[in-house]
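Close look at the chain arrangement
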Amino acid sequence: MKTLVHILAAFALCAFGAAAQAHDYSFGDLRLTHPWAKASLKGVPNSAAYMTITNNGETDDTLVAASADVSEAVELHTMTMKDGVMRMRRLEDGVPLPAGQTVVLAPGGKHIMLIGLKDQLKAGSSFEMTLTFENAGEQQINVTVRDRQPEAAEDGA
Ligand SMILES: [Cu+2]
């Protein structure tokens, strides 16, 4: 049932969201742009966070874990289309960040799953998240809650 709820949340109707300030981070060779989380619907206990991570270095890195106080659990997931059905599974080995490449966490693909939200995630709010990278270590970011995926034009990068 959790999977179904998650999929429904991912495909929830888009609303006109409040524009939030673009924000980027650099952790050594890693550049992280536009971390955001999908606003949750009332009564829906899960949501997900997304971002784009570029590894400008010459060494591979891995996003091995994420944590945040907004939900009971935070897991790294991916979604794939199989037989016309979206399925998600946990990325036990984390999200690989190969040297010289950009990895996009976005709806319909890799995401940071927020399981068991303590409160409804409201558009325009934000929360702290800790990301743990194999090489870049533990890093704090601020995640903006939005109704929909930011447009490229809003990226400001
Ligand atoms: Cu998920």
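Residues numbered from 1 in each chain as written. Predicted model: local features only at pLDDT ≥ 70, side-chain atom pairs only at ≥ 80, totals over all residues. Heavy atoms only, no water.

Observations concerning the packing of aromatic side chains
The relative placement of two aromatic rings is captured by the distance of their centres and the angle of their planes. For clarity, the threshold we go by: Two aromatic rings, drawn from Phe, Tyr or Trp (for Trp, its six-membered ring), form a pair once their centres lie within 6.5 Å of each other, and the interplanar angle then sorts them: stacked below 30 degrees, edge-to-face above 60, tilted otherwise. For the purposes of this entry, the term helix denotes a DSSP run of H or I that reaches at least four residues, the term strand denotes a run of E that reaches at least two, and both are numbered from the N terminus.
Applying the stated criterion to the full structure yields 3 aromatic pairs. For the ring pair Tyr25 and Phe27, a centre distance of 5.9 Å and an interplane angle of 20 degrees mean the geometry is stacked. Ring plane angle 45 degrees and centroid distance 6.2 Å describe the contact between Phe27 and Phe133, whose orientation is recorded as tilted. Pair noted here: Phe27 is in strand 1 (residues 24-27) and Phe133 is in strand 10 (residues 126-133), with a separation of 106 residues, a long-range link.

Re the coordination of the copper ion
Threshold: Note that water is not among the atoms used; donors are N, O and S atoms within 2.8 Å of the metal (3.2 Å for Na, K and Ca), so sites may look incomplete. Only two sets of limits are used to name each site, 85 to 135 degrees for every angle of a tetrahedral four-donor site, and over 155 degrees for opposite donors with all other angles from 65 to 115 for a square planar four-donor or octahedral six-donor site, with any other site named irregular. Think of it in three bands: residues with accessible area under 20% of the maximum for their type are buried, residues over 50% are exposed, and the middle band is partly exposed, with areas taken using a 1.4 Å probe on protein chains only.
Here the copper ion is held by His77 (ND1), Met88 (SD), His111 (NE2) and Met113 (SD), and the distances to it run 2.1 to 2.3 Å. For the copper ion, the 4 donor atoms in the first shell make angles of 92 to 117 degrees at the metal, so the coordination geometry reads as tetrahedral. Linear spacing of the donor residues for the copper ion on their chain is H-x10-M-x22-H-x1-M. One end of the pair, His77, is in strand 5 (residues 71-82); the other, Met88, is in strand 6 (residues 85-90), with 11 residues separating them in the sequence. You'll find His77 and Met88 in the same group, each marked buried.

Describing the nonpolar core
Note on soluble globular proteins: their nonpolar side chains tend to be buried together. In plain terms, the rule: Among buried residues, the Ala, Val, Leu, Ile, Met, Phe, Trp, Tyr and Cys ones that are joined through side-chain atoms within 4.5 Å form a nonpolar core. Between two residues, a contact is recorded if the distance between any of their heavy atoms is within 4.5 Å.
If you look at the biggest cluster of nonpolar residues, it comprises 31 residues, and the most contacted ones within it are Ile112, Phe127, Met129 and Leu131. When residues of this core are assigned to their parent elements, the largest contribution, 4 residues, is made by strand 10. Residues contacting Phe127, with those up to four places away along its chain left out, are Ala37, Ala68, Val70, Leu114, Leu121, Ile141, Asn142, Val143 and Val145. Listed in part, the 5 residues of the second largest apolar core include Met79, Met88, Met113 and Ile115.

Observations regarding the pairing of strand 10
The line we're drawing: Only strands that DSSP links by at least two bridges are regarded as paired with each other.
The pairing of strand 4 (residues 61-68) with strand 10 spans 5 bridges and is classified as antiparallel. If you follow Ala66 over to strand 10, its bridge partner there is Leu131. Hairpin connection of strand 10 to strand 11 (residues 137-146): 3 residues between the antiparallel strands.

Here's the deal with the pattern of salt bridges
Which entries qualify depends on this criterion: The rule for a salt bridge is simple: a side-chain nitrogen of Lys or Arg has to be within 4 Å of a carboxyl oxygen of Asp or Glu.
Under the criterion given, the structure shown has 2 salt bridges. The shortest N-O distance in the salt bridge between Arg31 and Asp24 comes to 2.9 Å. Relative accessible area serves as the criterion here: at 33%, Arg31 is assigned to the partly exposed category. Here Arg90 makes a salt bridge to Glu75, at a shortest N to O gap of 3.4 Å. Of this pair, Arg90 sits in strand 6 while Glu75 sits in strand 5, and the two are 15 residues apart along the sequence. Note on Arg90: relative accessible area 43%, which makes it partly exposed. Residue classification places Glu75 among the buried positions, given a relative accessible area of 19%.

Remarks on unusual backbone geometry
A positive phi angle, near 50 degrees, is found at His34, a position not held by glycine. You can see His34 is positioned in strand 2 (residues 30-38). Under the relative-accessibility criterion, His34 is labelled buried at 7%. Although it is not a glycine, Asp83 adopts a positive phi angle of roughly 55 degrees. Relative to the helices and strands, Asp83 is located in the loop between strand 5 and strand 6. Residue Asp83 is classed as exposed on the basis of its relative accessible area, which comes to 69%.

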